[in-house]
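# Structure at a glance
As a plain string of letters, each chain reads:
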Amino acid sequence: MDSIVHQIHTLSTQNESDLKKLKDFLRHEQETLKANASQIDQALQALDPVQCTLGTAFLLQAQLSAGFFSNQRATFAFICNFLKVADSQQAKKAASPMTAVCRSFAQMAIDLGQPAMLMSLKPLRAGLEKLQDTPETLTPVHAEFLRVCLKVKVYHIAAQLLDQAIYDISISTGGNSSNSPAQVTPQSFLSFFYYGALVRIGTREYAKAIQLLLVALTCPASCLSAIQADAYKKYVLLCLKVHGEVKPLPVYTSHILQRYSKSASYVLEIAESFKTADATALQRIIEEKQPAIEADQNMGLVKQALASMQRHKILTLTKTYLTLSLSEIASEAGMPTDTNEVEAILFDMISEGEIKARIDQQTGNVSFEDADENLDMDMMQKLQGKLAKIIDISQRISWFEQEVVTSESYVRKTSLLDMSAADRQVGGAMSYDVMDM
Amino acid sequence: MAASLLTEDLEAYSGQYGTHGAIQRLQFIASQTSKANLKIDALKLCLDLLKRTTNCKGYTEAHNCLKELLEGNDAALPIYDQVWVDATQKQNGILKELYEQDLSQARASQMKENIRGCYHQLTNLCLEQGDYAAAEKYLAKSREFCVEPQAVFATCMTIIRLRALQRQYSDIQNFTSKAHHTPFKDDSSQSKIFAAYGLYNMATGKYRDAATSFSQVKPQDLGTAFSDLLSPQDVALYGVLCALGSLDRAEVQQKLLDSQTFRECLDMAPQIRDLAVDFCNCRYAACLSSLGKLQEPLSLDVHLHGQVANLCEQIRNKGIVQYFAPFMSVSLHRMAEAFNTDVESIQREVAKLIGQRQLDAKIDSHRKILHASHADHRRATYQNALRVSGDFLDSTHALILRMNLLKHDFGVHLVRQKK
């Protein structure tokens, strides 16, 4: 054990080759470390977490995987500190043990209860950032972070992470086999977007939740993941709630999921009842399928979808009528004879700004008005914001294009085409520019 | 045709058509109507007509149907002519043998025109027997031996006729366009082609095209070959209904009422002409009420059957939209009067049309007034821009991530166990 600590001390320099040597050495000694898990606590005291991030990560991984703690609270506190101060250079080198440590740490926090979970969020976020190449890269720790956030219901902290758009995933480039924990697995990828959607549902940002679910749903697949199956159910329910209809999945969705989306399930039946705006049928389906819905923990969403059905109906009424009596609205929206309920919903919709209308209680009439927004200033700002984002994204696309155009295989292929085109020029028009695409 | 159907004069109705067409229509009426009297009359007429052909199977079936209907009332039941059936069957068998011999001889001689003639004989034989599918089979074979463009044209026309008799409309277009492209046609062939196109378009719900096609048919050119399919009155009826359902008033006036050729068709069916004139002069109540009266007999028309409800609804909707066009606001009471209905149902109809965006208006349900709505283009444009940009951002973002996933060959795949 002492020799290992010694090696860590000597090799923890800024030198690339030293760190690599240390990494290889530690990987080699993993079994020894696990066998001597009881002494790790002591060894860790001798190491400086900033200087020897790499070594510390390996020791912690061994200790956590052996599941041996003399004092769990102390270890928890130690990791808290370690993740916060660790050197990001070395952390990236030790991506695999770092990820393993983060994962066990998150689990430990969940086991220890709410205060520990709250305490673990900052270190986890710090660890996550140290593992990323760029803020746009997804790491396996992302999903863990969201999982802890969901457990303690601190959606606003999770939302901060979600606000950062994800464009890439971290794939360790070295000779690591695919089961290295630093690799984003399909499971962690899907969980991140699924958890993300749950967070967005928690903060009532349903459109964003749908977007996140779509990412999980359109992930390339050759077999169905349980996460995707669950995501699809949530997708349908959210679509119904927000749009009043199910938007078809993008064309590039894998055929596996396309097929799943057509197989019979309670969400399909609910979507069907939405098409005819039949509230009683929906109610009946909910009662019939209650066990299945509750098993998926979708009862809340289903109830919200049910409530939104009437709202969508009323929303279409505003486009057709200028005035309408409460009783007529009630019969149109499928709530026979209960004008009080209609009035309550209308009141709610008006105050939330979903519709513009006035209720005349004396005559029982409702008059709908045209929405009147501040077209100039607000709209200008909104448009400008969108424009900035579009410019940003088109920039990104042109980078991609440059990357492709300058890549070796592209150049080789197009030059080959050029040559063959030159050969065939006698034969007539050869439109190789089409094939450039 | 429907006008004669209204008087329930089946004899006059079926007299307009060739034997096979009349049989088809009578059989259709018998199978669709719920009135027992009409059913019996149709079947009796049908029996008489079937005896003129060599269709023993059809004769027996029709007789059986009639027997069921007239149960216990043998006096009214026409006698089943066993002698005729046996003789006809025998004759059919002999003729078929004879013709097939002719065919094999013609084949040996390898004269194209002769082979085609023999196939033609066989086709006619099967047609007379009411075996349309077999007739078509022979006809298809004869097509290979067509040399003259006239022969090609005639073959196409026969196929169209057979298809229509079987109520299979989808292939009609195919053969009509083939006929359309044969050279050296005269005017009467052109009329037949238009009529066939019209029939196809109407049966597939393309009313606008159907109306245009029908309006170019010259009634005297249809001749006997088409009498199994359409009578000139039918052309008028189908043409007017399709036009009212799809064209606006000025077009109806121009294409139908002012057209010299179509006028001739229309004059043969005064009821239908009045319908069109009423529509063009905005007398919607009169037009729609007579249309309502026609609806039931029309649904007994063999080719129109599937389209009647749809067409009538479209004509009504068209009427509402055109009625409202010049108004800023109009009272629903007045409108209900003009359309022969009450305020509640006109409000429902108008609401449906607004929902389908056929009518750009809003209903003041309290005062029962319909207001034309002036779309706020500025707002709509802004909102559209916002929506499109939002969609673009989301989808591009998703695609970039997806591209990176594909670059790493990442996805939900079965994990292969390495051990």
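What you are looking at is a predicted structure, and each value in this text was computed from that prediction instead of being measured. (Residues numbered from 1 in each chain as written. Chains lettered and ligands numbered in written order. Predicted model: local features only at pLDDT ≥ 70, side-chain atom pairs only at ≥ 80, totals over all residues. Heavy atoms only, no water.)

## Focus on the overall build of chain B
A count of helical and extended segments in chain B gives 22 helices and three strands. Here chain B has a C-alpha radius of gyration of 29 Å; the compact-globule value for 419 residues is 22 Å, and the former is much larger. Accessible surface computed for chain B: about 20,500 Å², of which carbon and sulfur atoms make up 50%. Taken as two groups, the 48 positive and 47 negative side-chain charges of chain B have centres that lie 9 Å from each other. (Helix = DSSP H or I, 4+ residues; strand = E, 2+ residues; numbered from the N terminus. Rg over C-alpha atoms; globule rule 2.2 N^0.38 Å. Areas by Shrake-Rupley, 256 points an atom, 1.4 Å probe, with all protein chains shown as cover. Lys, Arg positive; Asp, Glu negative; His and termini not counted. Charge placed at Lys NZ, Arg CZ, Asp CG, Glu CD.)

## Remarks on the domain arrangement of chain B
All names here are of chain B. In terms of domain boundaries, chain B breaks down into domain 1 (148-325) and domain 2 (327-419). Of note, the centres of domain 1 and domain 2, computed from C-alpha atoms alone, are 35 Å apart. Across the boundary between the two partners, domain 1 contributes 13 residues, which contact 22 residues of domain 2. Summing the contributions of domain 1 and of domain 2, the shared interface buries around 1,400 Å²; its carbon and sulfur component is 65%. Our count for the contact surface shared by domain 1 and domain 2 stands at two salt bridges. Put simply, domain 1 and domain 2 have four residue pairs in polar contact (both at pLDDT 80 or more) between them. Residue assignment for the side of domain 1 that touches domain 2 shows that the elements contributing at least two residues are helix 18 (284-298) and helix 19 (308-324). Among the elements that line the side of domain 1 that touches domain 2, the one with the most residues is helix 19, at eight residues. Its residues assigned to classes, the side of domain 1 that touches domain 2 shows eight nonpolar, three polar and two charged. (Domains from an automatic or database assignment. Contact = heavy atoms within 4.5 Å. Buried area = accessible area lost by both parts, 1.4 Å probe. Salt bridge = Lys/Arg side-chain N within 4 Å of Asp/Glu carboxyl O. Polar contact = N/O pair within 3.5 Å; in protein donor to acceptor, adjacent residues only side chain to side chain. Nonpolar A, V, L, I, M, F, W, Y, C, P; charged D, E, K, R; others polar.)

## Brief notes about the packing of helix 14 (residues 226-243) of chain A against helix 16 (residues 266-275) of chain A
Residues and elements named next belong to chain A. The geometry of helix 14 relative to helix 16 is characterised by a closest axis approach of 9 Å and an angle of 15° between their N-to-C directions. Relative to helix 16, the element helix 14 is oriented roughly parallel. In terms of crossing hand, the pair formed by helix 14 and helix 16 is left-handed. Where helix 14 approaches helix 16, its residues K233, V236, L237 and L240 are matched on the opposing element by Y266, V267, I270, A271 and F274. By residue class, the composition of the contact of helix 14 with helix 16 is eight nonpolar, no polar and one charged. (Axes fitted to C-alpha atoms, helices over the stretch in contact; angles between N-to-C directions. Parallel < 35°, antiparallel > 145°, perpendicular 65-115°, else oblique. Left-handed = near helix turned anticlockwise from the far one by under 90°.)

## Side note on the side chain of A:S120
Residue and element names in this part refer to chain A. Within the secondary structure, S120 is located in helix 9 (residues 114-131). For S120, a relative accessible area of 0% puts it in the buried group. Of note is the side chain of S120, whose polar atom sits 2.7 Å from the backbone oxygen of M117. In contact with S120, not counting residues within four places along its chain, are F76, F105, A109 and V148. (Buried < 20%, exposed > 50% of the residue type's maximum accessible area, 1.4 Å probe, protein only.)

## A look at the environment of A:Q63
Along the chain, A:Q63 falls in helix 5 (residues 53-66). On a C-alpha basis, the gap between A:Q63 and A:S38 in space is 8.0 Å, while along the polypeptide they are 25 residues apart.

## Quick notes on the interface of chain B and chain A
Contact with chain B, which involves 42 residues of that partner, is made by 50 residues of chain A. Both faces combined, the contact of chain B with chain A buries some 4,200 Å², and carbon together with sulfur accounts for 66% of it. Among the residues of chain B in contact with chain A, B:K362, B:F410 and B:V412 are the three that bury the most area, contributing 17% of the side total. At the surface where chain B touches chain A, the tally comes to zero salt bridges. There are 11 residue pairs in polar contact (both at pLDDT 80 or more) connecting chain B and chain A. Elements supplying a minimum of two residues to the side of chain B that touches chain A: helix 21 (343-355), strand 2 (361-364) and helix 22 (377-407) of chain B.

## Looking at the nonpolar core
By size, the foremost hydrophobic cluster in this structure holds 115 residues, and its most contacted members are B:M335 and B:L370. Not counting the four nearest positions on each side in its chain, B:M335 is found in contact with B:I320, B:Y323, B:V330, B:I346, B:V350 and B:L370. The next biggest cluster of nonpolar side chains, apart from the first, holds 113 residues, and it includes A:L138, A:A216, A:L217 and A:I286. (Core = buried A, V, L, I, M, F, W, Y, C linked by side-chain atoms within 4.5 Å.)

## Here we look at the pattern of salt bridges
As enumerated under the stated definition, the model contains 23 salt bridges over all chains in all. With a shortest N-O distance of 3.1 Å, A:R125 and A:E129 are connected by a salt bridge. A residue pair is termed a helical-turn pair when its members lie 3 or 4 positions apart in one helix, as A:R125 and A:E129 do in helix 9 at four residues. Judged by relative accessible area, A:R125 falls into the partly exposed class, the value being 21%. Across the salt bridge formed by B:R387 and B:D391, the nearest N and O atoms sit 3.9 Å from each other.

## What to know about the sheet that holds strand 2 of chain B
Pairing is mixed across the open sheet formed by six strands, whose spatial order is 4(A)-5(A)-3(A)-2(B)-3(B)-1(B). The strands lining the two open edges of the sheet, one partner per strand, are strand 4 (357-360) of chain A together with strand 1 (329-331) of chain B. For this sheet the average axis-to-axis angle between neighbouring strands, irrespective of direction, equals 20°. The pairing of strand 1 of chain B with strand 3 (residues 369-372) of chain B spans three bridges and is antiparallel. (Pairing = 2+ DSSP bridges.)

## As for helix 8 (residues 95-112) of chain A
Residues and elements named next belong to chain A. The end-to-end C-alpha distance of helix 8 is 25 Å, a good match for the 26 Å that 18 residues give at a rise of 1.5 Å each. Within helix 8, 13 of the 18 residues are buried, which leaves it mostly tucked inside the rest of the structure. Note on helix 8: the residue one or two positions beyond its end, G113, has a positive phi of about 105°. (Expected span 1.5 Å × (residues − 1).)

## Remarks on the environment of A:Q160
Residue and element names in this part refer to chain A. Relative to the assigned elements, Q160 resides in helix 11 (residues 155-163). By relative accessible area, Q160 is classed as partly exposed at 48%. When the C-alpha atoms of Q160 and E287 are compared, they prove to be 38 Å apart, with 127 residues separating the residues in sequence.

## Topic: the confidence of the model for chain A
All names here are of chain A. Taken residue by residue, chain A gives an average pLDDT of 80. The fraction at 70 or more is 89%. A low-confidence stretch, residues 173-179 stays under pLDDT 50, and its non-local contacts, those more than four residues away or across chains, total four contacts. Predicted confidence for residues 427-437 stays below pLDDT 50, and this span has eight contacts to residues more than four positions away or in other chains. (pLDDT = per-residue confidence, 0-100.)

## Description of the packing of aromatic side chains
Residue and element names in this part refer to chain A. Tallied over the full model, the rule gives 10 aromatic pairs over all chains. Ring centres of F192 and F193 lie 5.0 Å apart, and the angle between their planes is 75°; this geometry places the pair in the edge-to-face category. Of the two residues, F192 and F193, neither departs from the other in class, the shared state being buried. A connected cluster of aromatic rings, assembled from ring pairs, spans F189, F192 and F193. Above the plane of the ring of Y206 lies K241, whose end atom (NZ or CZ) is 5.0 Å from the centre. Above the ring of Y167, the side-chain terminus of R396 is found at 3.7 Å from the ring centroid. (Phe/Tyr/Trp six-rings, centres within 6.5 Å; stacked < 30°, edge-to-face > 60°. Lys NZ or Arg CZ within 6 Å of the ring centre and 35° of its normal.)

## Let's talk about the pairing of strand 3 (residues 321-325) of chain A
Summarising burial for strand 3 of chain A: four of the five residues are buried, a large majority. Summarising the sheet, strand 3 of chain A and strand 2 of chain B pair through two bridges and their orientation is parallel. The partner of A:Y321 across the bridge, within strand 2 of chain B, is B:I363.

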